[in-house]
Amino acid sequence: MPDTPSTPAPKLLDQVRDRIRVKHYSIRTETQYVQWIRRFILFHDKRHPRDLGAPEVEAFLTHLAVEGNVAASTQNQALSALLFLYKEVLGIDLPWLKDVTRAKRPQRLPVVLTRDEVRAVLGKMDGVYGLLARLLYGTGMRLMEVIRLRVKDVEFARGEILVRDGKGAKDRVTMLPQSVVADLQAHLIKRRALFEQDKLAGKATVYLPDALAKKYPNAPTEWGWQYVFVSGSYSIDPRHAEEGGGEERRHHLDEKLLQRAMKRAVTAAGLAKPATPHTLRHSFATHLLERGQDIRTIQELLGHKDVATTMIYTHVLNKGGHGVVSPLDG
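The present account deals with the structure reproduced in this document. This is a predicted model, so every value here is computed, not measured.

### A few points about the overall build of the protein
- If you tally the helices and strands in the protein, you get 15 helices and five strands.
- Burial statistics for the protein: of 330 residues in total, 43% are counted as buried.
- Pairs at least 24 apart in sequence give 63% of the contacts found in the protein among residues at least 6 apart.
- About 19100 Å² of surface is accessible on the protein, with carbon and sulfur atoms providing 52% of the total.

The following block contains the structure:
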């Protein structure tokens, strides 16, 4: 009998993508991990990572810090990608990477706006971007948390917003500012009308992680699961676009549009500070602290794992260990 042709083994980067999707990592994490693994392979003259080990990983990461002069967060992202490759894809545990030259993490205080500066910036933003900016400042959410907000997670009766699958895959609850309720409800009326149009066009499905899509097969076409803030056009999920398939649907709003709108508003308000949407989160925490809110509550609202992360805002206020009065003023 003729030999049955065997199915070729999937390429390494395809194996990486498959494993990332099994673990339900975000598309951004998938893109970054694949890029770092590709750079690692090219750095070592296209040798297979199975033939490499801790010394080669250390050499690559040290190269990034010394010659690439990358930020500490960038080097840590590269390290996470390579540890994922070896542990989750190749099934190899690397010994502790003690000889890596670490990129120095700068100890900088976050940029924070005063209340008057926040008011000036928000006054230069209107429409959807103005609503998004007010939500960022009024709730302390991260940029992608507000961008990925779903209809069912806005609790008008309780005055709460449920932040699902935040950083570290954790859920939490934050407040829904009363001053945005009317505008948010008006936005949802328009959003519902758009959803009904999409249903008629057969394009009303929304992205859900695989586990949720299997558990709730009807959820992708239900109103409650829709994104609150959506793109003005349809697109194909990048997870399937590369395979030549996937259905057209409306994705959430591109966060870069909000970042640009914020930059224009900061310029129009005449501010010299390099403020971004994330600056509104820092300002939220700092202004709560100014009003006497306890640090543990602020930690919960921000979703920080460690209160030490939240304590940075006490230094912004000069209420930390250095909060002393100059003898000149005494």
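### Digging into the sheet that holds strand S1 (residues 154–155)
- In space, the three strands of this open sheet follow the order S1-S2-S3, with antiparallel pairing throughout. Edge positions in the open sheet fall to S1 and strand S3 (172–175), since each of these has one partner strand only.
- Across four bridges, strand S2 (residues 160–163) lies against S3 in antiparallel orientation. When the sheet's bridge partners are listed, Val163 is paired in S3 with Arg172.

### Thoughts on helix H6 (residues 127–139)
- Here H6 is 13 residues long and its end C-alpha atoms lie 18 Å apart, about the 18 Å a rise of 1.5 Å per residue gives.
- For H6, the set of buried residues is Gly130, Leu131, Leu132, Ala133, Leu135, Leu136, Gly138 and Thr139.

### Focus: the pattern of salt bridges
- One pass over the structure, following the stated rule, counts 19 salt bridges.
- Notably, a salt bridge pairs Glu160 with Arg158, separated by 3.1 Å at the nearest N-O pair.
- Sharing partners across several salt bridges, the network here consists of Lys152, Asp153, Arg164 and Asp171.

### Topic: unusual backbone geometry
- At Lys46, a position not held by glycine, the phi torsion is positive, near 65 degrees.
- Relative to the elements of secondary structure, Lys46 occurs in the loop between helix H2 (27–43) and helix H3 (54–66).
- Lys46 gets classed as exposed once you look at its relative accessible area, which sits at 66%.
- For Asn69, which is not glycine, the phi dihedral falls at a positive 55 degrees.
- On the secondary structure map, Asn69 appears in the loop between H3 and helix H4 (72–89).

### Topic: the packing of aromatic side chains
- In the structure shown here, the tally under the stated rule is nine aromatic pairs.
- A ring pair is formed by Tyr33 and Phe84, whose centres lie 5.7 Å apart and whose planes are at 55 degrees; its orientation type is tilted. Taken together, the positions of Tyr33 in helix H2 and Phe84 in helix H4 put the pair 51 residues apart, joining distant regions of the chain.
- Three or more aromatic residues joined by ring pairs form one cluster here, namely Trp36, Phe40, Phe43, Phe60 and Tyr86.
- Sitting over the face of the ring of Trp225, Lys152 holds its NZ or CZ atom 4.5 Å from the ring centroid.

### A short note on helix H11 (residues 255–268)
- Here H11 is 14 residues long and its end C-alpha atoms lie 20 Å apart, about the 20 Å a rise of 1.5 Å per residue gives.
- Taken together, the buried residues of H11 touch H2, helix H5 (115–123), H6, helix H7 (143–147), strand S5 (248–252) and helix H12 (277–290).
- The opening residue of H11, the one whose side-chain oxygen lies 2.9 Å from the backbone nitrogen of Lys256, is Asp254.

### Re the environment of Leu188
- The topology assignment puts Leu188 in helix H8 (residues 178–201).
- Note: C-alpha distance between Leu188 and Val151 (37 residues apart in sequence) is 8.1 Å.
- Aside from chain neighbours lying at most four places away, what touches Leu188 is Val151, Phe156, Trp223 and Val228.

### Notes on the side chain of His304
- Mapped onto the elements, His304 comes out in the loop between helix H13 (295–302) and helix H14 (307–310).
- Among the polar contacts made by the side chain of His304, one reaches the side chain of Arg281 at a distance of 3.5 Å.
- A polar contact of 2.8 Å, which involves the side chain of His304, links it to the side chain of Thr310.
- Not counting residues up to four positions away in its chain, the partners in contact with His304 are Arg142, Lys170, Arg281, Gln299, Thr309, Thr310 and Tyr313.

### A word on the nonpolar core
- In terms of nonpolar packing, the biggest core is built from 39 residues, with Val121, Met125, Leu135, Val146, Leu176, Val228 and Phe229 touching the most fellow members.
- Elements represented by at least two residues in this core include exactly H5, H6, H7, S2, H8 and H11.
- Ignoring any residue separated from it by four or fewer positions in sequence, one finds Phe229 in contact with Val128, Leu131, Leu132, Leu135, Val146, Ile147, Leu184, His187, His252 and Leu253.

Here is what the cut-offs are and how they apply
- Residues numbered from 1 in each chain as written.
- Predicted model: local features only at pLDDT ≥ 70, side-chain atom pairs only at ≥ 80, totals over all residues.
- Heavy atoms only, no water.
- Helix = DSSP H or I, 4+ residues; strand = E, 2+ residues; numbered from the N terminus.
- Buried < 20%, exposed > 50% of the residue type's maximum accessible area, 1.4 Å probe, protein only.
- Contact = heavy atoms within 4.5 Å.
- Areas by Shrake-Rupley, 256 points an atom, 1.4 Å probe, with all protein chains shown as cover.
- Pairing = 2+ DSSP bridges.
- Expected span 1.5 Å × (residues − 1).
- Salt bridge = Lys/Arg side-chain N within 4 Å of Asp/Glu carboxyl O.
- Phe/Tyr/Trp six-rings, centres within 6.5 Å; stacked < 30°, edge-to-face > 60°.
- Lys NZ or Arg CZ within 6 Å of the ring centre and 35° of its normal.
- Polar contact = N/O pair within 3.5 Å; in protein donor to acceptor, adjacent residues only side chain to side chain.
- Core = buried A, V, L, I, M, F, W, Y, C linked by side-chain atoms within 4.5 Å.

Just geometry here; none of it tells us what the structure is for.
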